[in-house]
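# Overview (structure and organization)
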Amino acid sequence: MIRPICRMGNPILRKKATLIPKEFIDSDEFDQLLRDLKESMNHYGGIGIAAPQIGINYQVAIIELVGLNKYGEEINFPFSVFINPEITYLTEETQGFWEGCLSVPGLRGFVERPNKIQVNFLNEKGEAKEIIAEGFLATVIQHELDHLEGILYVDRIKDTRLISYQEEFDKFIVQRTLD
Ligand code: ZN
């Protein structure tokens, strides 16, 4: 079911999400939650979504990257479910991307984040997984997992001059990048 997206200002986006008990992962209710997340992400055109964004205060986020995305990055990362994730930063080196968020519609902002991370999590079968991610994928994962901590990407914008409406971004910033 496509769920309405909770937008910035909704207090659920500012809460730390609850750890998911292992037995819940096997439940029909959890299957339904995953389906709702996927349908909502696809419907609203996201490349990732976290449960608090649809009003569910649980530590689960999904990501799927297929070819060229709306952020101008071409990368394939298969549909993945991150349950109770933990991030380890593998470098202090950062890189910046213009991020956007379904919960902050119409805006883009430039955020710098560590460019190499390790994530330990459970997948949708409850199996313990570990991945190492770099570059844009590392940013996407950090963005989604921040939602489980009550953090929005706008909190991480250091230079508030680097916030733009999407239309102005397309008009002034993308063009400048291409020049
Ligand atoms: Zn977001």
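Provided above is the structure to which this section pertains.
Presented here is an overview of the structure given in this document. (Residues numbered from 1 in each chain as written. Predicted model: local features only at pLDDT ≥ 70, side-chain atom pairs only at ≥ 80, totals over all residues. Heavy atoms only, no water.)

## Section: the state of the cysteines
Tallied over the entire structure, the rule returns zero disulfides. Note on Cys 6: no disulfide assigned, nearest cysteine sulfur contributed by Cys 101 at a separation of 11 Å. A relative accessible area of 11% places Cys 6 in the buried class. In this structure Cys 101 comes out as buried when scored by relative accessible area, which is 11%. (Disulfide = S-S within 2.5 Å. Buried < 20%, exposed > 50% of the residue type's maximum accessible area, 1.4 Å probe, protein only.)

## With respect to the pairing of strand S5 (residues 107-114)
Burial analysis of S5 places six of its eight residues in the buried class, the great majority of the element. Here S5 runs beside strand S8 (residues 163-165); their pairing, made up of three bridges, is antiparallel. Along S8, the bridge assignment pairs Arg 108 with Ser 164. (Helix = DSSP H or I, 4+ residues; strand = E, 2+ residues; numbered from the N terminus. Pairing = 2+ DSSP bridges.)

## Focus on the pattern of salt bridges
Enumeration over the complete set of coordinates arrives at seven salt bridges. The partner of Arg 156 in a salt bridge is Asp 146, with the nearest N and O atoms 2.6 Å apart. Of this pair, Arg 156 sits in the loop between helix H3 (135-147) and S8 while Asp 146 is found in helix H3, placing the two residues ten residues apart along the sequence. Look at the salt bridges and you will find they share partners, linking Glu 99, Arg 113, Asp 146 and Arg 156 into a network. (Salt bridge = Lys/Arg side-chain N within 4 Å of Asp/Glu carboxyl O.)

## Overview of the packing of aromatic side chains
For any pair of aromatic rings, the description consists of the separation of the ring centres together with the inter-plane angle of the planes. Counted by the stated rule, this structure contains seven aromatic pairs. Both rings, one in Phe 82 and one in Phe 121, keep their centres 4.5 Å apart while their planes meet at 45°; by these two values the pair is tilted. Taken as a pair, Phe 82 in strand S3 (residues 77-89) and Phe 121 in strand S6 (residues 116-122) lie far apart in primary sequence, 39 residues in all. Neither residue differs from the other here; Phe 82 and Phe 121 are each classed as buried. What links up through ring pairs into an aromatic cluster is the set Phe 24, Phe 30 and Tyr 58. (Phe/Tyr/Trp six-rings, centres within 6.5 Å; stacked < 30°, edge-to-face > 60°.)

## A few points about the nonpolar core
In globular proteins that are soluble, nonpolar side chains generally tend to be buried together. Within the largest apolar cluster, 21 residues are counted, with the highest numbers of intra-cluster contacts made by Ile 63, Leu 65, Phe 82, Val 119, Phe 136, Ile 141 and Leu 145. If you list the elements that add at least two residues to this core, you get strand S2 (60-65), S3, S6 and H3. Looking at which element gives the most residues to this core, the answer is H3, with six residues. Judged by nonpolar contacts, the second largest core, of 18 residues, contains Leu 34, Met 41, Ile 49 and Val 81. (Core = buried A, V, L, I, M, F, W, Y, C linked by side-chain atoms within 4.5 Å.)

## Looking at the coordination of the zinc ion
Octahedral metal centres with six donors ideally show angles of 90 or 180 degrees, and tetrahedral centres with four donors ideally show 109.5 degrees. Protein-derived ligands of the zinc ion are Cys 101 (SG), His 143 (NE2) and His 147 (NE2), with the metal-ligand distances lying across 2.0 to 2.2 Å. Look at where the donors of the zinc ion fall in the sequence and you get C-x41-H-x3-H. One end of the pair is His 143 and the other is His 147, both in helix H3 and four residues apart, which spans about a single turn. Judged by its relative accessible area of 7%, His 143 is buried. (Donors = N, O, S within 2.8 Å, 3.2 Å for Na, K, Ca; no water.)

## Focus on the sheet that holds strand S4 (residues 94-99)
With antiparallel pairing, the three strands of this open sheet are ordered in space as S4-S5-S8. This sheet does not close on itself; its edge strands, each paired only once, are S4 and S8. Shown here is a sheet whose adjacent strand axes are inclined to one another by a mean of 25°, direction ignored. In this fold H3 packs onto S4 and S5, with an angle of close to 65° to the strand it touches most, S4. (Axes fitted to C-alpha atoms, helices over the stretch in contact; angles between N-to-C directions. Contact = heavy atoms within 4.5 Å.)

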